[in-house]
Amino acid sequence: MKNKNLQNKQNGTKAVWAGQNDLFYYGATQVPIVNSVTFGYKNVDDWFDVAVGKKEGHIYSRNTNPTVAVFEEKVRVLENAEAATSFSTGMAGISNTLYTLLNQGDRVVSIKDTYGGTSIIFLEFLPKKGIEVSLCETTDHDGIEAEVRKGCKVLYLETPTNPTLKVLDLKRLISVAHEVGATVVVDNTFATPINQQPLSLGADLVLHSATKYLGGHSDAMGGLVCGKKTLIDQIFHYREINGATLHANSAYMLLRGIKTLELRVLRQNENAMKLGEYLEGHPKIDSVFYPGLKSHPSHEIAKKQMTGFGGVLSFSLVGDFENVKLFLNSLELAHLAASLGSVGTLIGPPKVTSHVEATEEERKALGIPESLIRCAVGIENIEDIIADFDQALSKI
Ligand SMILES: *Cc1c(COP(=O)(O)O)cnc(C)c1O
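Small disclaimer: the values here were computed from a predicted structure and weren't measured. (Residues numbered from 1 in each chain as written. Predicted model: local features only at pLDDT ≥ 70, side-chain atom pairs only at ≥ 80, totals over all residues. Heavy atoms only, no water.)

On to the sheet that holds strand E4 (residues 154-158), then. Taking strand neighbours across the sheet as the criterion, the seven strands line up as E1-E7-E6-E5-E4-E2-E3 in an open arrangement whose pairing is mixed. The open sheet has two edge strands with one neighbour each: strand E1 (83-87) and strand E3 (132-136). Mean inter-strand twist for the sheet, computed between neighbouring axes without regard to direction, equals 20 degrees. Contacts between helix H3 (residues 66-78) and the sheet are confined to E1, strand E6 (205-209) and strand E7 (223-227), with E1 contributing the most and set at about 130 degrees to the helix. (Pairing = 2+ DSSP bridges. Helix = DSSP H or I, 4+ residues; strand = E, 2+ residues; numbered from the N terminus. Axes fitted to C-alpha atoms, helices over the stretch in contact; angles between N-to-C directions. Contact = heavy atoms within 4.5 Å.)

Turning our eyes to something else, we now look at the site of the ligand. The environment of the ligand is formed by 15 residues, the closest being Met91, Asp187, Ser209, Thr211 and Lys212. Here an oxygen atom of the ligand and a side-chain polar atom of Thr211 are 2.6 Å apart. Measuring from an oxygen atom of the ligand, one finds a side-chain N or O atom of Lys212 at 2.7 Å. Expressed as a share of its isolated accessible area of 380 Å², the protein-covered part of the ligand is 95%. With three residues, helix H4 (residues 90-101) is the single largest residue contributor to the shell around the ligand. Of the residues that constitute the shell around the ligand, the class distribution is six nonpolar, six polar and three charged. (Near = heavy atom within 4 Å. Polar contact = N/O pair within 3.5 Å; in protein donor to acceptor, adjacent residues only side chain to side chain. Areas by Shrake-Rupley, 256 points an atom, 1.4 Å probe, with all protein chains shown as cover. Nonpolar A, V, L, I, M, F, W, Y, C, P; charged D, E, K, R; others polar.)

A few words now on helix H13 (residues 321-330). For H13, the set of buried residues is Phe321, Asn323, Val324, Phe327, Leu328 and Ser330. Against the buried residues of H13 lie strand E9 (312-317), strand E10 (335-336), strand E11 (346-348), strand E12 (372-376) and helix H15 (382-393). (Buried < 20%, exposed > 50% of the residue type's maximum accessible area, 1.4 Å probe, protein only.)

Next up on the list: the packing of H4 against helix H5 (residues 116-128). Two packed helices can be described by the angle between their axes and the distance between those axes. As a packed pair, H4 and H5 sit with axes 10 Å apart at the nearest point and diverge in direction by 35 degrees. The hand of the H4/H5 crossing is right-handed. Facing Met91, Ile94, Ser95, Leu98 and Tyr99 of H4, the residues of H5 in contact are Gly117, Thr118, Ile121, Phe122, Phe125 and Leu126. Across the contact of H4 with H5, the residue classes break down as eight nonpolar, three polar and no charged. (Left-handed = near helix turned anticlockwise from the far one by under 90°.)

Looking now at the pattern of salt bridges. When charged atoms on two side chains of opposite charge get close, those side chains can pair. Applying the stated rule across the entire model yields 22 salt bridges. Notably, a salt bridge pairs Lys153 with Asp106, separated by 3.6 Å at the nearest N-O pair. Of this pair, Lys153 sits in the loop between helix H6 (141-149) and E4 while Asp106 sits in the loop between H4 and strand E2 (107-111); the two residues are 47 residues apart in sequence, bridging distant segments of the chain. Judged by relative accessible area, Lys153 falls into the partly exposed class, the value being 36%. One salt-bridge network, held together by shared partners, links Asp142, Glu145, Arg149, Arg172 and Glu179. (Salt bridge = Lys/Arg side-chain N within 4 Å of Asp/Glu carboxyl O.)

Glancing now at the packing of aromatic side chains. For the structure shown, the criterion picks out six aromatic pairs. Their ring planes at 85 degrees and their centres at 6.0 Å tell us that Phe315 and Phe327 sit as a pair that is edge-to-face. Of this pair, Phe315 sits in strand E9 while Phe327 sits in helix H13, and the two are twelve residues apart along the sequence. Owing to a relative accessible area of 0%, Phe327 belongs among the buried residues under this scheme. With a centroid separation of 6.0 Å and an interplanar angle of 50 degrees, the aromatic rings of Phe315 and Phe389 are classed as tilted. Taken together, the residues Phe315 in strand E9 and Phe389 in helix H15 connect sequence positions 74 residues apart. Both residues of the pair, Phe315 and Phe389, belong to the buried class. Seen from the ring of Trp17, Lys4 lies directly overhead, with NZ or CZ sitting 4.7 Å from the centre. For Lys351, the ring lying beneath its charged end belongs to Phe321, and the centroid distance is 5.0 Å. (Phe/Tyr/Trp six-rings, centres within 6.5 Å; stacked < 30°, edge-to-face > 60°. Lys NZ or Arg CZ within 6 Å of the ring centre and 35° of its normal.)

Moving on, we come to the domain arrangement of the chain. Here the chain is partitioned into domain 1 (11-258) and domain 2 (262-393). For domain 1 and domain 2, the distance between their C-alpha centroids amounts to 27 Å. Domain 1 puts 35 residues into the contact, and the matching count from domain 2 is 38 residues. Approximately 2800 Å² of surface area, both sides summed, lies buried where domain 1 meets domain 2, with 55% of it carried by carbon and sulfur atoms. (Domains from an automatic or database assignment. Buried area = accessible area lost by both parts, 1.4 Å probe.)

Here the amide bond leading from Thr159 into Pro160 is cis, since omega sits at -10 degrees, within 30 degrees of zero. Along the chain, Pro160 turns up in the loop between E4 and helix H7 (170-179). Here the residue pair Asn162 and Pro163 is connected by a cis peptide bond, since its omega of -5 degrees sits within 30 degrees of zero. Locating Pro163 in the fold gives a position in the loop between E4 and H7. Although it is not a glycine, Asn80 adopts a positive phi angle of roughly 50 degrees. Following the sequence through the fold, Asn80 ends up in the loop between H3 and E1. At Leu165, a position not held by glycine, the phi torsion is positive, near 60 degrees. Structurally, Leu165 is set in the loop between E4 and H7. Given a relative accessible area of 1%, Leu165 falls into the buried group.

By size, the foremost hydrophobic cluster in this structure holds 52 residues, and its most contacted members are Phe71, Ile144, Val148, Leu155, Leu157 and Leu261. Two domains each provide a minimum of three residues to this core, namely domain 1 (11-258) and domain 2 (262-393). Setting aside residues up to four positions removed in sequence, Leu155 forms contacts with Val109, Ile144, Val148, Leu173, Ala177, Ala182, Thr183, Val184 and Val185. In this structure, Tyr278, Leu293, Leu328 and Ala392 belong to the second largest nonpolar core, which totals 32 residues. (Core = buried A, V, L, I, M, F, W, Y, C linked by side-chain atoms within 4.5 Å.)

This is how it looks when you write it as structure tokens:
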């Protein structure tokens, strides 16, 4: 067996083979789940060399673990990053990254539409630590540029956003941030490396909730950050000490799931597009938000920077919230549940999921209609999903 050079290979190949260059213990072809907290050495010299980083190896699973390392390597290769490190959840990855990069007196610029948990870090936790946070109107590129030019340590972006799939022009914002010496972090959870590669557009760090598309089966949680080695080393140090480590069991589930990432995401792109087109033509639907549709305000930017438009879309029904309940309660196939990125379709109203804590006025300010429904389309046959939507819509 020759060593695999994955640099010139495509995403489907990378996802299968990255981190699996060799056979494992006893010639195992699949990655073993190494449930060992500690790693032993036959002599002190070897142990010492690993401890000081002179030799590769593992010491203690809060720091590194062989199963976890394979998962990190798969995402690193898919994102074309210098380095990657993982976390117990996506939020652990986001908080550890922000706490590593930001100190008292620093300033961070971001957008109003970040993921709910991230937005709470910006509004609640960072200000308490003496960090200035400026959250801009999400698609107001001029406004974001102006805030960045005032000076900031970090520009934190997420695109497409939840739940109305607003898209940010990464190249444009990253270049302005670099003019003022800021580090640019992008949450790439919705797009996945299959549809969008922020590092190739100049970003310094890319974050993932691996709980979503990377794992792909809604059965394991994890997070990941990848990018410049100097930055990843600092974030790794923060995480190894603060302890939000990914477990080997979860790492195995995630690395098993990620092998089919390209197949799933390409299918979900296609399914979401077909469902969006169907909904756009339906008389009971008020509006549809999907960056793949020409009607979406971000369509042109999305076309420029993404190779696919993703598996999440949202739409609002005619009438009031009673119609939302009637429609959702009549569905047969999709799970009424939070989250996204699973093989099975997940659906729910932001009013009771991601934006349950916002007031009606706050939702309105974010452009979220009260009767909005977010749908994370799965890999099912889309004809079956559309037929199910059709019968449920006919109840209204
Ligand atoms: C789910 C999600 C997160 C948080 O990830 P967890 O694994 O739930 O901690 C962060 N960002 C985005 C865009 C998400 O969808």
